[in-house]
Amino acid sequence: ATCREHDAVDGNTGNGAELPYRFCDDGPADPVSGDAGIPVPGKYHETDGDDYTGLPAPGTADEVAEAESQDDIRAEDGNRVTIDVDISLPPVTMTPPPEGFPIIAMNHGFAETKGKWEAPTIDGSNPMNWHMNNAWLAARGYVVINSLARGHINADDQGSGGTLQLNSRRYEANDLQYLIALLADHDLLQADVGQVPMVNVNPLGVAVHGGSYGGWLTWLLGADPVWRSPKYGAELRTRVIVPRYTATDLLESLVPGGHFFERHPKTNRPYVAPTEPAEAISRSPIGVAKLGIVAGFYSYGLRFDTDHVVFPRWAHMAVARLLVGEPYEGDTTLESAVTRLIEDSSVYYQGNFWKKVERGLRIPIFAPQGITDPLFPANETIRIYNKLKSLAPGYPITMYFGDFDHVTAQNKLKEYADLCGDDRHPCTVADYRLPDGSLDLRSAPATLSRRGINSRVSDFLDHYLQDPSVEPPAYVAASTTVCPANATEQVAADEPGLEYRAPSWRHLTSRTVTLTWREGGTLTNAAPDPHGIESDPIVRSRDARIPKCYTTNQSNPGPGVIRYESAPMTQATPIIGIPRLRLDYATPSNDYWLAARLYDLDPDGNMTLITRGICRVNTSAAKDRTCDMFDLFGVAWLMETDHAFVVEISQSDSPFLRKDNIPSSVTVTAADLTIPVTPAKFEKDPRI
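In short, a report on the structure. Just so we're clear, the structure is a prediction, and the values are computed from it rather than from any experiment.

What counts and what doesn't
- Residues numbered from 1 in each chain as written.
- Predicted model: local features only at pLDDT ≥ 70, side-chain atom pairs only at ≥ 80, totals over all residues.
- Heavy atoms only, no water.
- Disulfide = S-S within 2.5 Å.
- Buried < 20%, exposed > 50% of the residue type's maximum accessible area, 1.4 Å probe, protein only.
- Pairing = 2+ DSSP bridges.
- Helix = DSSP H or I, 4+ residues; strand = E, 2+ residues; numbered from the N terminus.
- Contact = heavy atoms within 4.5 Å.
- Axes fitted to C-alpha atoms, helices over the stretch in contact; angles between N-to-C directions.
- Left-handed = near helix turned anticlockwise from the far one by under 90°.
- Nonpolar A, V, L, I, M, F, W, Y, C, P; charged D, E, K, R; others polar.
- Polar contact = N/O pair within 3.5 Å; in protein donor to acceptor, adjacent residues only side chain to side chain.
- Expected span 1.5 Å × (residues − 1).
- Core = buried A, V, L, I, M, F, W, Y, C linked by side-chain atoms within 4.5 Å.
- Phe/Tyr/Trp six-rings, centres within 6.5 Å; stacked < 30°, edge-to-face > 60°.
- Lys NZ or Arg CZ within 6 Å of the ring centre and 35° of its normal.

A few points about the state of the cysteines
Chemically, a disulfide is nothing more than a covalent bond linking the sulfur atoms of two cysteines.
Point 1. All told, the structure shown has 4 disulfides when counted by the stated rule.
Point 2. Here C420 is linked by a disulfide to C427, with a sulfur-sulfur distance of 2.0 Å. When the S-S torsion is 95°, as for the bridge of C420 with C427, the disulfide is right-handed. For the pair shown, C420 and C427 are each scored as buried.

Quick look at the structure:
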């Protein structure tokens, strides 16, 4: 009754519908009364202490009561939480395939709305939605679910019930499986009573897509790919996933310790970290809070004047304890939260998933990740890429790295969209018009100058779910970061830079150059670091008067920082990958951290920050883990001729990182920086 026909081209069905689809929305849900919401179990049944084996049954009364006391799930009467959901369907004139229409679940970010990936037309409300929203997908034969995760509500107290559980596989992951399964049950129920099914879904053709908060939920649906519907027991399968700019180990994202590696320190082969939760690198030691990011997102989630979230008690307690600072080791509040984040919310530690991959599971993955993202760095995706490839060298995973999404250097919305014309504007429907006025969205327009991420994702989905003849992207790619300091007439600061593409991550990052310095100095965490204050991504994101890229001509950061400078480059060199810093140092301290920042120094003396990194040591938690060697976050940058590298090492890179409560000092005597260099042959035409 709530489904209405729309035209995905111009939103107006009065002049005929060139690209029709149906949009079903019963209005905003009331999380208290449950009106206009879809009920899901507030708690799911425990099976031998682990419910990660497909969709479990609703929890018993005792399980619900225990979860309410421990997890603060705030279930409604009858063990339910209501979820706000929209459904978009292909037009009634489109004949479904024999197996039914594929399903795609579109998952929003933290404190966002279910409308993140919704728009009335295929142009969308911004470049991020071009070729990737409900209108585009439904009009082309997909059934689209846009749902609002539990605990998300707006300023009018409308939204989904319950409390945020940080994408727990025991809660949010099961909710999404439950909602998808209801579509299959709806078809079977109508068939049971002699009606023609309205939805016509293919339960074995499920795609899951999401960004940020929705991205790591997407990973979890890929890790638990088979489940059954609650009423009829119909089998459902995740066939393809698109996790964007997100986490695979949430603890390391928020509180990095810096002990993951991209290459093994001894063999230089791809590094595969332990996947057993008890052996998780990120828990020993607990790392350094990204102060501005953690506090900023937490504060934003608490707002009541806009879209926000309802945190459970345990999350409030964990954030409060984290922000108090060291010592962390032995604190039961933090240890409990750490266990939740590792075991329940981080795909990297889902043992059943890795067993399935060993037995032959192959779910194609397209993972766009921000190379300049200080919240979810590139290693979040590379970590799982290395593990998948170690188990199955031919595993179908595509990665694309660029300048997006969280408080990044510039956050290039144009990287998502196709670009058209001499002015390189985000393409619109008008660019796809043929001379006779007809519309051909399957073929690239003649004025195309760059294919965006979304068009590549669309091809990826089509290949695996609709039309195998569509060529899917099957590579690892990165676009170089362009800031105001290195923009040119050919590449503007609001556009992605040069694109490099290779068959694998190892091909793309196959060469390295090592810079060596044999001097240093003494650091203390009491010393000031003015470049730390100036370069903080949250501070820069809030001030519209300054560029998001950090550039300074103050080469001397003061006594609280050790500075190294390389010789100028003799030729332009693309550097793509994960730089590694090795330090010779001594310290009397047993609890400390070291941060590093890497800059491009131009001939005029301007330094532009291109990446950074952090490493924490606590000898009581992990006596063998030091900061002799640690990886930076990641980089995709073109170093021009006569430009030099600058490395700054600090114990006070704040407020990006929370200062250690425990006084410490470190004396550095030498440093090596290993930089990944990408062969020029991998530069590709971005139109293809």
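Now, onward.
Remarks on the sheet that holds strand β27 (residues 607-618)
Point 1. Taken together, the 5 strands give an open sheet; going across it, the order is β22-β27-β26-β30-β23, and neighbouring strands pair in antiparallel fashion. Since the sheet does not close on itself, it has two edges, and those belong to β22 (551-552) and β23 (561-565), each with one partner.

As for the environment of T447
Point 1. As for its position among the elements, T447 is in the loop between β16 (425-426) and β17 (448-450).
Point 2. For the pair T447 and F353, spaced 94 residues apart in sequence, the C-alpha separation works out to 44 Å.
Point 3. Discounting residues that sit within four places of it in the chain, T447 has contacts with L419, C420, G421 and D431.

Quick notes on the packing of helix α6 (residues 291-302) against helix α7 (residues 313-324)
Point 1. Where α6 meets α7, the closest approach of the two axes is 11 Å, and the angle between their N-to-C directions is 145°. Considering the relative orientation of α6 and α7, their crossing is left-handed. Residues L291, V294, A295, Y298 and L302 of α6 form the contact with α7, whose participating residues are H316, V319, L322 and L323.
Point 2. Of the residues in the contact of α6 with α7, the class split is 8 nonpolar, 1 polar and no charged.

Topic: the side chain of Q369
Point 1. Here Q369 is to be found in strand β13 (residues 365-370).
Point 2. Among the polar contacts made by the side chain of Q369, one reaches the main-chain carbonyl oxygen of F376 at a distance of 3.2 Å.
Point 3. Among all residues touching Q369, those that are not within four sequence positions of it are R244, Y245, T246, F376, P377, A378, E380, T381, Y400, F401, G402 and F404.

Observations regarding helix α8 (residues 332-345)
Point 1. A rise of 1.5 Å per residue sets the reference length of α8, with its 14 residues, at 20 Å; its end C-alpha atoms lie 19 Å apart and thus fit the reference within 8%.
Point 2. Contact partners of the buried residues in α8: α1 (61-71), α4 (213-223), α5 (250-254) and α7.
Point 3. Its side-chain oxygen at 3.1 Å from the backbone nitrogen of T333, D331 defines the N-terminal cap of α8.

Remarks on unusual backbone geometry
Point 1. In this structure, P285 follows S284 across a cis peptide bond, with omega equal to 0°.
Point 2. Counting through the fold element by element, P285 comes out in the loop between α5 and α6.
Point 3. P327 follows E326 through a cis peptide bond whose omega is 5°.
Point 4. The residue D157 is not glycine, and still its phi comes out positive at about 60°.
Point 5. Structurally, D157 can be placed in the loop between β8 (152-153) and α3 (172-192).
Point 6. Classification of D157 by relative accessible area gives partly exposed; the value is 49%.
Point 7. Despite not being glycine, Y245 has its phi angle at roughly 30°, a positive value.
Point 8. Checked against the element boundaries, Y245 lands in the loop between β11 (235-244) and α5.
Point 9. A residue is classified by how much of its surface remains accessible, and Y245, at 1% relative accessible area, is buried.

Regarding the nonpolar core
Point 1. Counting 113 residues, the largest nonpolar core has I180, F353, L388, F401, W505 and L508 as its most contacted members.
Point 2. No other element matches α3, which puts 8 residues into this core.
Point 3. Of all hydrophobic cores here, the second largest spans 41 residues; its members include F23, F404, C420 and A477.

Side note on the side chain of K412
Point 1. Summarising the element assignment, K412 is placed in the loop between β14 (397-402) and β15 (419-420).
Point 2. Under the relative-accessibility criterion, K412 is labelled buried at 1%.
Point 3. Of the polar contacts made by the side chain of K412, one reaches the backbone oxygen of E495; its length is 2.9 Å.
Point 4. Residues within four places of K412 in sequence aside, it is in contact with D403, V482, A493, D494, E495 and P496.

Some words on the pairing of strand β26 (residues 591-601)
Point 1. Burial of β26 is extensive: 11 of the 11 residues sit out of reach of the surface.
Point 2. Covered by surrounding structure in β26 are D591, W593, A595, R597, Y599 and L601 together with Y592, L594, A596, L598 and D600, the residues of both alternating faces.
Point 3. Following β26, the chain reverses through 5 residues before pairing antiparallel with β27; G605 in that reversal takes a positive phi of roughly 90°.
Point 4. Inspection of the sheet shows β26 paired to strand β30 (residues 644-650) by 7 bridges, in the antiparallel sense. Note on β30: the bridge partner recorded for L601 is A644.

Structural notes on the sheet that holds β17
Sheet strands associate in pairs through backbone hydrogen bonding, adopting either a parallel or an antiparallel arrangement.
Point 1. Pairing in this open sheet of 3 strands is antiparallel, and the strands run β16-β15-β17 from one edge to the other. Edge positions in the sheet fall to β16 and β17, since each of these pairs with one other strand and no more.
Point 2. Where β15 meets β16, 2 bridges bridge the pair, whose relative direction is antiparallel. The residue bridging L419 from the neighbouring strand is P426, located in β16.

Section: the environment of D685
Point 1. Along the chain, D685 turns up in the segment after β32 (683-684).
Point 2. Considering only alpha carbons, one finds D685 and R451, 234 residues apart in sequence, at a separation of 9.4 Å.
Point 3. A polar contact is formed between the side chain of D685 and the side chain of R687, at a distance of 2.8 Å.

Brief notes about the packing of aromatic side chains
Point 1. All chains considered together, the criterion is met by 22 aromatic pairs.
Point 2. With a centroid separation of 6.4 Å and an interplanar angle of 55°, the aromatic rings of F110 and Y213 are classed as tilted. One end of the pair, F110, is in the loop between β6 (101-107) and α2 (134-139); the other, Y213, is in helix α4, and 103 residues separate them in sequence.
Point 3. For the pair F110 and F297, a centre-to-centre distance of 6.1 Å together with 55° between the ring planes defines the contact as tilted. Of this pair, F110 sits in the loop between β6 and α2 while F297 is found in helix α6, placing the two residues 187 residues apart along the sequence.
Point 4. For F110, a relative accessible area of 16% gives the class buried.
Point 5. The exposure class of F297 is partly exposed, given its relative accessible area of 28%.
Point 6. Linked through ring pairs, F110, Y213, W216, F297, Y298, F311 and F376 together constitute an aromatic cluster.
Point 7. Directly above the aromatic system of F260 lies the positively charged group of R383, at a separation of 3.9 Å from the ring centroid.
Point 8. Positioned above the aromatic ring of F656, the side-chain terminus of R612 is 4.5 Å from the ring centre.

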